[in-house]
Amino acid sequence: MSFKDLKLSRPILRAVAEAGYDNPTLVQEKTIPHILDKKDVIVSAQTGTGKTAAFALPILQLLLNKQDAPKKGKTIKALVVSPTRELSIQIEENFKKYCKYTNLRTGIVYGGVSFEPQKDMLRKGIDILIATPGRLLDLHKQDAVYLDFVETFVLDEADLMLDMGFIDDISKIEHLCPEGKQQLLFSATMPYKVVELAKTVLKEPVKIEVAPTSSTVKTVEQLLFYVPKPKKIELCLHILRNTVKGNVIIFRRTKYGVDKLEKALSRNGYKVDSIHGDKTQNLRQEALQKFKNGDVNILIATDVAARGIDIKNVDAVINFDLPNISETYVHRIGRTGRAGKKGVAYSFCSADEKDYVLSIQKLINKHLDIVEEHPYPLDPKAKPEVHKKKGSKYKKGRKSEASKKKKKRWY
């Protein structure tokens, strides 16, 4: 099948050809006709399968079919809500690429930056708005954004949106749009929460599933290292020195962990940057750009910050901390081995993470290859560390003689 067979008009086909796409991916092939038929759709597909074009191309086509608005006086006809700033920026870049030869106008709003330029852009009028939930609702409270004319409402990365606690925001945004709108829900995984959300939001949706969400890319070699928790940084340095070549993304579970590892690698002379939720939007964009340009070759990230970011030519992924949600493992290692290229995923497992390995292997239906020959092996009998709070050496309610002497009397 070619893009022509999907009944897309010339300006869109020209932009798609220029972007270097020859034929639609499976998710695009299955999804685009239903969206053009104005049906509600729920799509389960992993990142890297061409999901953005699967909703962007038909939305542009539907807007072109009935485009009568001049350049001025435009109203928002399509709204795409996405959980993170990075994903929103990426979605808008794609829309801009595909609508290059039309006079449709896109806009984007997200937190962490000034309100004024965004309000100014909304005043001028746009056809398509890409937004993160918090900033969109803030702008609505300030009467800066009107969703009364929205015809298509897209929820992208719905599972991540719910994990981040946006359920109430999504519900508010959905109610701000007109009742008869077309609704599209895209999610990498389909946990119970997403299925329930779909039931409340969508009307008789067409269900599309592309590749079971538990499958991992065949081009990625998956290696597992059992290592004591305090030795993980040494093992990471050992692998970076002796094994890994090229661009590496390292995943940690916490922002504190990201910062700590970044300092350790910098001290050892590595070109490294990081992204996590506490960094400003500008710093996050800067770090991504440096990694894409090759100014740094190691990027350390938390899962939320890195979800869905499309970075080409990632040679390896290191799971410094194993994720406690098995599906997250699939997303992480999907950052490498893209577009048919080979990649390697290194996973470090300490004594308290062994259960995570079992659930990951169960999900992907495959045993990870254990690497035993490394300098910091974990004792097979090692028990998970239990951190007990140290109690006071004084009995409860008893003060030391010194503190009694120090106390100033009021009489």
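None of the values given here were measured: they were computed from a predicted structure.

**Points about the overall build of the protein**
Then step 1. Helix and strand content of the protein: 16 helices and 14 strands.
Then step 2. Sorting the 411 residues of the protein into buried and exposed places 51% on the buried side.
Then step 3. Restricting to contacts in the protein with at least 6 residues of sequence separation, those with at least 24 account for 76%.
Then step 4. As displayed, the protein offers around 21,400 Å² of accessible surface, 51% of which is attributable to carbon and sulfur atoms.

**Digging into helix α11 (residues 255-267)**
One turn of the α-helix equals 3.6 residues, which is why residues spaced by three or four share an orientation.
Then step 1. In a regular helix each residue adds 1.5 Å, so 13 residues correspond to 18 Å; α11 covers 19 Å between its end C-alpha atoms and thus fits that length.
Then step 2. For α11, the elements touching its buried residues are α10 (232-242), β9 (248-251), β10 (272-275) and β11 (298-301).
Then step 3. Positive backbone phi, at 85 degrees, marks G269, one or two positions downstream of α11.

**Let's talk about the pairing of strand β2 (residues 78-81)**
Then step 1. The side-chain alternation of β2 yields two buried faces, one formed by A78 and V80 and the other by L79 and V81.
Then step 2. As judged from the four bridges shared by β2 and strand β4 (residues 128-131), these two strands associate in the parallel manner. Note that in β4 the partner of A78 across the bridge is I128.
Then step 3. In this sheet, strand β5 (residues 152-155) lies alongside β2 in parallel orientation, the contact comprising four bridges. For V80, the partnering residue across the bridge sits in β5 and is V154.

**A closer look at helix α8 (residues 167-176)**
Then step 1. Regarding α8, the residues found buried are D169, I170, I173 and E174. Along the axis of α8, the buried positions cluster into a sector of 135 degrees, meaning they face one direction only. α8 presents D168 and H175 as exposed residues on the side facing more than 90 degrees away from its buried surface.
Then step 2. Tucked into the core, α8 has its buried residues touching β2, α6 (133-141), β5, α7 (158-163), β6 (182-187) and α9 (192-201).

**Overview of the sheet that holds strand β13 (residues 343-349)**
Then step 1. Pairing is parallel in the open sheet, where seven strands are placed in the order β10-β11-β9-β12-β13-β8-β14. One side of each edge strand has no neighbouring strand; the edge strands of this open sheet are β10 and β14 (369-370).
Then step 2. By the bridge criterion, seven bridges tie strand β8 (residues 220-226) to β13 in an arrangement that is parallel. Looking at β13, one finds that Q222 is bridged to A345.
Then step 3. The strands that α10 touches are β8, β9, β11, β12 (316-319) and β13; relative to β13, the one it contacts most, it runs at about 160 degrees.
Then step 4. Seen against the sheet, helix α12 (residues 281-293) touches β9, β10 and β11 and runs at an angle of roughly 135 degrees to β10.

**Structural notes on the pattern of salt bridges**
Think of it this way: side chains of opposite charge can pair up when their charged atoms draw near.
Then step 1. Applying the stated criterion across every chain yields a total of 20 salt bridges.
Then step 2. Notably, a salt bridge pairs K279 with D273, separated by 3.7 Å at the nearest N-O pair.
Then step 3. A residue is classified by how much of its surface remains accessible, and K279, at 16% relative accessible area, is buried.
Then step 4. A salt bridge links K290 to D273; the shortest N-O distance between them is 3.1 Å. Of this pair, K290 sits in helix α12 while D273 is found in strand β10, placing the two residues 17 residues apart along the sequence.
Then step 5. Connected via shared salt-bridge partners are K232, R252, R253, D321 and E353.

Rules and cut-offs
Residues numbered from 1 in each chain as written. Predicted model: local features only at pLDDT ≥ 70, side-chain atom pairs only at ≥ 80, totals over all residues. Heavy atoms only, no water. Helix = DSSP H or I, 4+ residues; strand = E, 2+ residues; numbered from the N terminus. Buried < 20%, exposed > 50% of the residue type's maximum accessible area, 1.4 Å probe, protein only. Contact = heavy atoms within 4.5 Å. Areas by Shrake-Rupley, 256 points an atom, 1.4 Å probe, with all protein chains shown as cover. Expected span 1.5 Å × (residues − 1). Pairing = 2+ DSSP bridges. Arc of directions from axis to C-beta. Axes fitted to C-alpha atoms, helices over the stretch in contact; angles between N-to-C directions. Salt bridge = Lys/Arg side-chain N within 4 Å of Asp/Glu carboxyl O.

All we've got here are geometric facts, nothing functional implied.
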